[in-house]
Amino acid sequence: MSVATDQETAPIANSRNGRTGSVFRSFGSLFGGSQNSGDQQPGDGYVEFGMQNPERNGRTLGTFAGVFSPVALSMFSALVFIRVGYIVGNAGLYVTLLQFVIAYAILLFTVASVCAISTNGAIEGGGVYFMISRTLGLEFGGSIGTLFFFANVVGSAMAISGCTEGILDNFGENGYFGKYLKDGPWWCFLISSLLNTLQLLVCLVGAALFAKTSVIILAIVTVCLFVTYVSFLSVGATNDTIAVPLSNNLSKTVHFLNYTGLSANTLRDNLGEHYGIDYTSNGKQVDFSTTFGVLFAGVTGIMAGANMSGELKNPAKSIPCGTLSAVAFTFVSYVILSFLMCCTTPYFTMQNNYLFLLPVNLWPPFTAIGILTATFSTSLSNLIGSSRVLEALSKDQVFGNLLNFVLRGTWKGNPIAAVVTSWCLVECILLIGSFNIIAQINSVLFMLAYLATNVACLGIELTGAPNFRPLFKYFTWHTCLIGLLGTLVMMFVINPIYASVCIILCLILVIALHLFSPATQAAQWGSISQALMFHQVRKYLLMLDPRKDHVKFWRPQILLLVSSPRSCCPLVDFVNDLKKSGLYIIGHVKLGDFKDSQDAENNQQWWSFLDHMRVKAFTEVTVSRSIREGVQHLIRLSGIGAMKPNTIILGFYDNEAPRDFFQNGSSPYKTDDFNNGEIQNFPIRRDGDPKHFQVEEYVQILCDTLRMKKNLCLCRNFQRLDKNFIAQSNHVKYIDVWPINVFNPTLGDPFDMVSLFMMQLAVIMLAKWKHLRVRIFLCETNETRAVGTFDTQAPQMEIFSKQKLEQSLKELRISAHIVEIQEWSQDTDFSRRARTLRQYTAQADNVMLEDDDEESLNRSLLYMQRANQIIRERSDQTALSFIYLAAPPKLATPDFAQRSASYMELLTELTAELPPTILVHGVSTVTSTTL
């Protein structure tokens, strides 16, 4: 069916053969049916459910080796042997324990969120980035993933700095075991670079090697820590002469280290705060924020297990169990260590020598081994984690082709290019030098990642999505909110400048990814923004009461009935401008029986069409036995609540061949997307093909529309609409409004409902085409002149009519130029034919057509041709014309079929060879003069 030859905008039905049995084949394969069983390989069942067979995808790590060990090592980091004393010596026992409680509370709530998300579906590589991106969507996931990548890079640099500090304090110019290495900033950088290169070599071998050795490394660190506990309890007071820098003298001096052993006096002195100067950062004053920043930086490793999600056999089980047990283990270890330090070591010693554990150990090499293994393993874990996040970002094409080198640089599953990139960035961070400064940056970046994780879990919990059914049950929205607020507050406590910069950078990335990211698979991830918007839209739709509508806030809510999108691109684009931020629905009817239709709800190609046209619209497709019945469905059921169409737009019914704007070389809508595989979805009526329905059914649709109290617009000649030409041309100047009812000129009142509706639409388009002007044509008829008692009063009546129109336009705040037309009153034959048409249409309601009506119709056609000439003569500089649409014949009219054909024939003559034209019939008040 084709209603419009030039734009094909009436609803169409196109039959397509369904793919019968595809659903049954899918279910058969899901449940192990015999169909295609010969092609099914062992383990394919995992793919059916969106899961992966661990043995076929290199997933070999369990809970202990894959999660517990990396998390525990990352949370020990450099903190356990060389920075707990720094925190306790400055903050005191009470504040230290408070800081540990705050830090671990934040970590615990965040772990709860991580566990909830990780047990709600299959987890792939990328760890926290994967979880956030698949929950919050591309924009937030990509931005947080990028910052999480940098957090791992900074964490690796921080751990290397701690390892270098341990090496120099043991083997440097003032080393405990020997003076084999030189000291100084550049020597520190050289040693750090060598360590960074060493871990690069380990990463090039593969993450599995580190994961397998992490258990051994953790065992070594645990033994060293246990020996340290025993040493505190067994070693008595000592005074060893070692080189340490005094707080008030940054140069190296010889100072006696005081160690009291278990002492109540020492414990009493260490309970309160004694903030001093950090001798490793050029004398920077220590305070609560710096100590907490160092402390939190040391325990940020809760994501180390999630980072290994791509190598875990069962991420949903291993991540919660391994992470929670590692958090509990490290918390107890730190509390015991802090208490023993306070009981045995004066705060002055802890402030001025961060390696005081060496001389008090039963066997000092235990401390050195613990420092080196803990810091190096933490750095290695962060480097591996950063490379896996970068690999995930490149696979998702978050930054388009920018990261394609990562995918090309992968060998046997190991992202070599990502590892090398991370290594280079670690080198840059090492130039900062100070461990404590790097620690603050590291803390803020990790807290931002934790904040995003809590936001993701909170959002999905609040939306009440039925598919959010995590196996981990020990969380609520309260834990998510506390974790969110805790991370946000402590970010600014640690360093407000770093926190502000990170948040601003994150927002910039969010905006940039939203505008420019070419990622195509993001729509398949699902975004929490959609769930949140649904939640809010539903709430506001219920609040939007149609009984409270007021004409002051009227806006067009349009249903555009489309046959083939290929031929109506200009009209679809135009209506997108006409909607004035209102509802816009594109409706389509498929002819057929609903029970035989396999794709009644398959609107994917229509969404692709909307994306191609870049219009803000919805689509509605229905299947019906007739076009008229389908249109009735669309008009009655489109929209929801108060968001229902109030204006129906159709293409014009004529016999012109439609243009294919998808294939026309000069068309701005040309595309190949719909010319190949999906061409059957958008068929187009070719020249000579029969229409899908008759003119009688078309007029019946017009009658149905008016009976349902909807405004009606018929659009013709929109294949000529060129928005670019209108915007650039100096010749096109006007939007024309013809408020005269050509079918009944005596009622050509420029102030009736239809005319005001036309003016409203014209003003809306004027807001889009600001360089144009609105012209309103005031047509004078003989009947208008006969209003007065005496002919001599006719000129006064004529002036009054124009003045009344000007006053009405002023009250309506409409700026328009009024043009008077005299032809209806000056041409005698024209006036006589107008009366003939009026009589012809008036008698059609109750009288059967007679033989003499043929002559009346011919005279009426001559009248329409003359009216068309009058309009054309004044349309040389017109971009768009609005013309009064007379009501169609009533459905109960005798000989409705013949009357319908005559009605459309008269409209065809009226609009022939005009610019893009809209025939308008309004049924509701759309303007207001009140404030």
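Bear in mind that the values here come from a model prediction, so they are computed numbers and not experimental data.

Student: I would appreciate a short explanation of unusual backbone geometry in the present structure.
Tutor: A negative phi angle characterises most non-glycine residues, just as the trans form characterises most peptide bonds. Although it is not a glycine, Lys580 sits at a positive phi angle of roughly 55 degrees. Here Lys580 shows up in the loop between helix H24 (569-578) and strand E8 (584-591). Assessed through its relative accessible area of 42%, Lys580 is described here as partly exposed. Phi at Ser581 takes a positive value of approximately 65 degrees, unusual for a residue other than glycine.

Student: Whenever I open this one, the sheet that holds strand E16 (residues 917-921) confuses me. Can you help?
Tutor: Hydrogen bonding along the main chain pairs the strands of a sheet, whether they run parallel or antiparallel. Reading across the sheet, the 10 strands line up as E9-E8-E7-E10-E11-E16-E15-E12-E13-E14 and stay open at both edges, with mixed pairing between neighbours. Strands with a single pairing partner mark the edges of an open sheet, and in this sheet they are strand E9 (618-624) and strand E14 (817-821). Between one strand axis and the next, the sheet turns through 25 degrees on average, direction left out of account. Sheet contacts for helix H27 (residues 695-707): strand E10 (647-651), strand E11 (711-716) and E16; angle to E11, the most-contacted strand, approximately 145 degrees.

Student: Looking at this structure, I do not really get the pattern of salt bridges. What am I missing?
Tutor: Between side chains of opposite charge, a pair can form when the charged atoms approach closely. Following the criterion strictly, the structure yields 11 salt bridges and no others. Here Glu391 makes a salt bridge to Lys395, at a shortest N to O gap of 3.6 Å. Of this pair, Glu391 and Lys395 both sit in helix H16 (residues 365-395), 4 residues apart, which is roughly one turn of the helix. Of the charged contacts, one joins Arg775 and Asp736 as a salt bridge, the two residues approaching to 2.9 Å between their closest N and O atoms. One end of the pair, Arg775, is in strand E13 (residues 773-779); the other, Asp736, is in strand E12 (residues 734-738), with 39 residues separating them in the sequence. Across the pair, exposure class does not vary: Arg775 and Asp736 are buried alike. Through salt bridges with shared partners, a single network forms among Asp573, Asp577 and Lys723.

Student: What is the right way to look at the confidence of the model for the protein in this model?
Tutor: In low-pLDDT regions, the fine details of the predicted coordinates are not to be read closely. Across the protein, the average pLDDT comes to 79, with 80% of residues at or above 70. Scored below 50 in pLDDT, residues 10-56 makes 67 contacts in the model with residues more than four places away or belonging to other chains. A low-confidence stretch, residues 241-255 (pLDDT under 50), is modelled with 29 contacts involving residues beyond four sequence positions or located in other chains.

Student: How do you make sense of a nonpolar patch on the surface when you look at a structure like this?
Tutor: Residues Ile216, Ile220, Phe226, Val230, Leu362, Trp363 and Ile369 make up a contiguous nonpolar surface patch of about 650 Å² in total accessible area. Top element by residues in the nonpolar patch is helix H9 (residues 207-234). It accounts for 4 residues. Here Val230 shows up in helix H9. Val230 sits in the partly exposed class, given a relative accessible area of 31%.

Student: How should I be thinking about the packing of helix H7 (residues 138-171) against helix H19 (residues 435-463) in this particular structure?
Tutor: The axes of two packed helices give the description: the angle between them and the distance between them. Two elements in contact, H7 and H19, have axes separated by 8 Å at closest approach and are oriented at 150 degrees. Accordingly, the angle class assigned to the pair H7 and H19 is roughly antiparallel. Like other packed secondary-structure pairs, H7 and H19 cross with a definite hand, here left-handed. Its residues assigned to classes, the contact of H7 with H19 shows 17 nonpolar, 5 polar and 1 charged.

Student: Teacher, can you tell me more about the environment of Leu702 here?
Tutor: Along the chain, Leu702 falls in helix H27. Taking the C-alpha atoms as reference points, Leu702 and Pro888, separated by 186 residues in sequence, lie 7.1 Å from one another.

Student: Got a minute to help me understand the pairing of E11 in this structure?
Tutor: It is a general feature of regular strands that their side chains alternate between the two faces of the sheet. With respect to burial, E11 is a largely interior element, 6 of its 6 residues being buried. The side-chain alternation of E11 yields two buried faces, one formed by Asn711, Cys713 and Cys715 and the other by Leu712, Leu714 and Arg716. Here E10 runs beside E11; their pairing, made up of 5 bridges, is parallel. Its bridge partner being in E11, Thr647 is matched across the sheet by Asn711. Two elements, E11 and E16, share 5 bridges in a ladder whose sense is antiparallel. Bridge assignment links Arg716 to a residue of E16, and that residue is Thr917.

Student: Can you help me understand the packing of H16 against helix H18 (residues 416-430) in this one?
Tutor: Across the interface, H16 lies against H18 with an axial gap of 8 Å and an inter-helix angle of 125 degrees. It follows that H16 is oblique to H18 by the angle criterion. Crossing angle aside, the handedness with which H16 passes H18 is right-handed. Contacts from Leu383, Ser386, Ser387, Arg388, Leu390 and Glu391 of H16 reach H18 at Ala418, Val419, Thr421, Ser422, Trp423 and Val426. A per-class count over the contact of H16 with H18 returns 6 nonpolar, 4 polar and 2 charged.

Student: Sorry, what's going on with the pairing of E8 here?
Tutor: Counting buried residues along E8, 7 of its 8 residues qualify, which places the element largely inside the surrounding structure. Sheet topology places strand E7 (residues 558-561) next to E8; 4 bridges connect them, and they run parallel. Looking across to E8, one finds that Leu561 is bridged to Gly587. Each parallel crossover has a hand, and for E7 linked through H24 to E8 it is right-handed. Pairing analysis gives 7 bridges linking E8 to E9, with the strands arranged parallel. Across the sheet, the residue bridging to Gly587 is Glu620, located in E9.

Student: Would you take a moment to explain the nonpolar core for this structure?
Tutor: One recurring pattern in soluble globular proteins is that nonpolar side chains are buried together. With 136 residues, the main nonpolar core has Phe81, Phe296, Val299 and Tyr334 as its most contacted residues. Not counting the four nearest positions on each side in its chain, Phe81 is found in contact with Val221, Cys224, Leu225, Thr228, Tyr354, Leu357, Thr367, Gly370 and Ile371. Tyr584, Leu610, Leu778 and Ile918 belong to the second-largest nonpolar core, a separate cluster that totals 60 residues.

Student: Explain the packing of aromatic side chains to me, please; I cannot follow it from the model alone.
Tutor: Any two aromatic rings considered together are summarised by their centre-to-centre distance and by the angle between their planes. Going through the model one piece at a time under the given rule, you end up with 26 aromatic pairs. With 6.1 Å between their ring centres and 45 degrees between their planes, Phe446 and Tyr450 make a pair best called tilted. One end of the pair is Phe446 and the other is Tyr450, both in helix H19 and 4 residues apart, which spans about a single turn. By the burial criterion, Phe446 is buried, and Tyr450 matches it. In textbook terms, an aromatic cluster arises when at least three aromatic residues are bridged by ring pairs, as seen for Phe64, Phe68, Phe76, Phe100, Tyr104, Phe329, Phe331 and Tyr334. Across the ring face of Tyr86, the terminal group of Arg83 is positioned such that the distance to the ring centre comes to 5.9 Å. Its guanidinium or amino end placed over the ring of Tyr734, Arg775 lies 3.9 Å from that ring's centre, counting from NZ or CZ.

Procedures and definitions
Residues numbered from 1 in each chain as written. Predicted model: local features only at pLDDT ≥ 70, side-chain atom pairs only at ≥ 80, totals over all residues. Heavy atoms only, no water. Helix = DSSP H or I, 4+ residues; strand = E, 2+ residues; numbered from the N terminus. Buried < 20%, exposed > 50% of the residue type's maximum accessible area, 1.4 Å probe, protein only. Pairing = 2+ DSSP bridges. Axes fitted to C-alpha atoms, helices over the stretch in contact; angles between N-to-C directions. Contact = heavy atoms within 4.5 Å. Salt bridge = Lys/Arg side-chain N within 4 Å of Asp/Glu carboxyl O. pLDDT = per-residue confidence, 0-100. Patch = residues over 30% accessible without salt bridge, like charges linked within 9 Å, V, L, I, M, F, W, Y side chains within 5 Å. Areas by Shrake-Rupley, 256 points an atom, 1.4 Å probe, with all protein chains shown as cover. Parallel < 35°, antiparallel > 145°, perpendicular 65-115°, else oblique. Left-handed = near helix turned anticlockwise from the far one by under 90°. Nonpolar A, V, L, I, M, F, W, Y, C, P; charged D, E, K, R; others polar. Right-handed = clockwise from strand over helix to strand, strands pointing away. Core = buried A, V, L, I, M, F, W, Y, C linked by side-chain atoms within 4.5 Å. Phe/Tyr/Trp six-rings, centres within 6.5 Å; stacked < 30°, edge-to-face > 60°. Lys NZ or Arg CZ within 6 Å of the ring centre and 35° of its normal.

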